[in-house]
Amino acid sequence: MAGCLGGIDGGDDDVFRIGHLAPTRSQMGLGAERSIEIAVDEANDDGGILDQEVELLSENTEGQVDEGTAVVESLVQEDDVDLLIGTFVSEVTQGVLDFVADRNVPFIITGSADPETITEFHGRDYEQYRNVFRTGPINSDLQAEAMGQYAEFLSEEHGWEEFAILADDAAWTGPFMDRLPDEIEDRGFDVVHTDTMGIETDDFTQYLDDVDSADADAVFRFIAHADSAAFISTWQSNEYPFAVEGINVPGMSPAFWDATEGACLYETTSQSGAGGVAELTDRTMPFVEEYEDRYADDDPPSKPMYMGFNSYDAVHFYREAIESAGTADYESDLDDIVDAMLETEHTGAAGEMVLYGEDSEYPNDLRETRDEDDFISNFPMTQWQEGGEVECVFPESDATADHVAPEWL
């Protein structure tokens, strides 16, 4: 019966329990865990959730489906959590969805971006999966559109017209291989080379040589699992004649500059929260400063990283929604909770947050926001610049510096 006790107005002991899921031995997972701790403390300082104290239970998924399934089952059946937040690896997210959906416990995805997590599950049976939401990042389909816009920006800035695409062989990168070529070519540019890289790859010479042979001006690379330090060090030491753009999850860490001995100079990555260097909303810098005050002298990361922003925002988004609904009883009032989630317009540290509705292409998924030029703005680009400084370079509405081309180009 343990699994039937959670969610009754936050539980029967005046405690609202949040189960957090992440590979917490990685910098990304640790940054998310610390960020959600801050959000929980802020909620408790403001009276809790529905006047109940909030308790955080954080578990390490190790980025593995089996371990992720085990910790989710424990959090739901033994700990009676009222809310699940997290998951980084898309395959882990999808591996736990059926269990979570069967038990109706609200689940907010804050790390994995594969659109099929929504389109293949909610699209097949919305009622079954209506308790699952994603409040960040925007999914990879929308990220691919944003990358097409960024290619246009790079062409305007530097005259680049020939692009290559390299990506992890993983679920989250599928849209970049399937959609990004069209996004780039529809804007009048050429995609001269595409390839996928095994996530165990540690020698990227052949991949970079192939991009060079294709005469690309820039390569969009999408790395979350492979050895991106080796990738960028090989690129820089050989001064390959093209820029490195796209998404590099390890490169989001403030420790990446030292880890690569500065070889990451000029590379970019897109990330929720813009690395904590741009004032995206009036909540961005207070959150970043609180994180730095608490953890800057501890083990990396010294800033939240993208999953940290999304996990922090998820707590406050859900709190606002269920305060509006007046209930956290997901067993009896799930429809009211879902309605409130879909009606909530929340200002987060990473940007303005609204979810797509039931009848959309991406039900319960985070909507993209757009600036006055129609550029997608809630997945901004950052660049490593001189002295190990991270700057936001796109979109221009949030930029803290100009994009810089490698000096050897």
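Residues numbered from 1 in each chain as written. Predicted model: local features only at pLDDT ≥ 70, side-chain atom pairs only at ≥ 80, totals over all residues. Heavy atoms only, no water.

Caption draft 1: Geometry of the nonpolar core. Ranked by size, the top nonpolar core spans 103 residues in total, and within it Leu84, Phe220 and Phe222 carry the most contacts. A per-element tally of this core places helix α13 (residues 305–325) first, with eleven residues. Beyond its immediate stretch of four places on either side in the chain, Leu84 contacts Gly19, Leu21, Val72, Leu75, Val76, Val100, Val105, Pro106, Phe107 and Ile108. Core analysis: the next-biggest nonpolar cluster, separate from the first, contains 25 residues, Val211, Val219, Ala226 and Leu265 among them. (Core = buried A, V, L, I, M, F, W, Y, C linked by side-chain atoms within 4.5 Å. Buried < 20%, exposed > 50% of the residue type's maximum accessible area, 1.4 Å probe, protein only. Helix = DSSP H or I, 4+ residues; strand = E, 2+ residues; numbered from the N terminus. Contact = heavy atoms within 4.5 Å.)

Caption draft 2: Expanded view of the pairing of strand β2 (residues 53–60). Note: strand β1 (residues 15–22) against β2, eight bridges, orientation parallel. Bridging from a neighbouring strand, Phe16 pairs with Val54 of β2. In the classification by handedness, the crossover that spans β1, the intervening helix α1 (residues 27–45) and the parallel β2 is right-handed. (Pairing = 2+ DSSP bridges. Right-handed = clockwise from strand over helix to strand, strands pointing away.)

Caption draft 3: Region of the structure containing helix α9 (residues 205–213). Turning to α9, its buried residues number three or more, namely Tyr207, Leu208 and Val211. Taken end-on, α9 shows its buried residues confined to a sector of 95°, consistent with a single buried face. The exposed residues of α9 that point more than 90 degrees off its buried face are Gln206 and Ser213. Those residues of α9 hidden inside the fold are in contact with β6 (162–168), β7 (190–197), β8 (218–223) and α10 (228–237). Just downstream of α9 lies Asp215, where phi reads positive at about 60°. (Arc of directions from axis to C-beta.)

Caption draft 4: Looking closely at the packing of aromatic side chains. Across all of its chains, the model carries 22 aromatic pairs by this definition. Ring centres of Phe176 and Phe222 lie 3.9 Å apart, and the angle between their planes is 10°; on these two criteria the pair is classed as stacked. Taken together, the residues Phe176 in helix α7 (residues 174–178) and Phe222 in strand β8 connect sequence positions 46 residues apart. Classification of Phe176 as buried rests on a relative accessible area of 0%. When the centroid spacing of 5.8 Å and the interplanar angle of 35° are considered together, the rings of Trp257 and Trp384 count as tilted. Taken together, the residues Trp257 in helix α11 (residues 256–259) and Trp384 in strand β13 (residues 381–385) connect sequence positions 127 residues apart. The buried category is assigned to Trp257, whose relative accessible area is 19%. You can call Trp384 buried: its relative accessible area is 4%. The side chain of Arg124 reaches across the aromatic face of Phe121, ending 5.3 Å from its centre. (Phe/Tyr/Trp six-rings, centres within 6.5 Å; stacked < 30°, edge-to-face > 60°. Lys NZ or Arg CZ within 6 Å of the ring centre and 35° of its normal.)

Caption draft 5: Quick look at the sheet that holds strand β3 (residues 83–86). Strand order in the open sheet made by the five strands is β2-β1-β3-β4-β5, with parallel pairing throughout. Looking along the sheet, the strands with just one partner apiece sit at the ends: β2 and β5 (132–134). Strand-to-strand twist in this sheet, taken as the mean axis angle between neighbours without regard to direction, amounts to 20°. Across four bridges, the pairing between β1 and β3 is parallel. The residue bridging Leu21 from the neighbouring strand is Gly86, located in β3. Docked against the sheet, α1 engages β1, β2 and β3, running at close to 170° with respect to β2. (Axes fitted to C-alpha atoms, helices over the stretch in contact; angles between N-to-C directions.)

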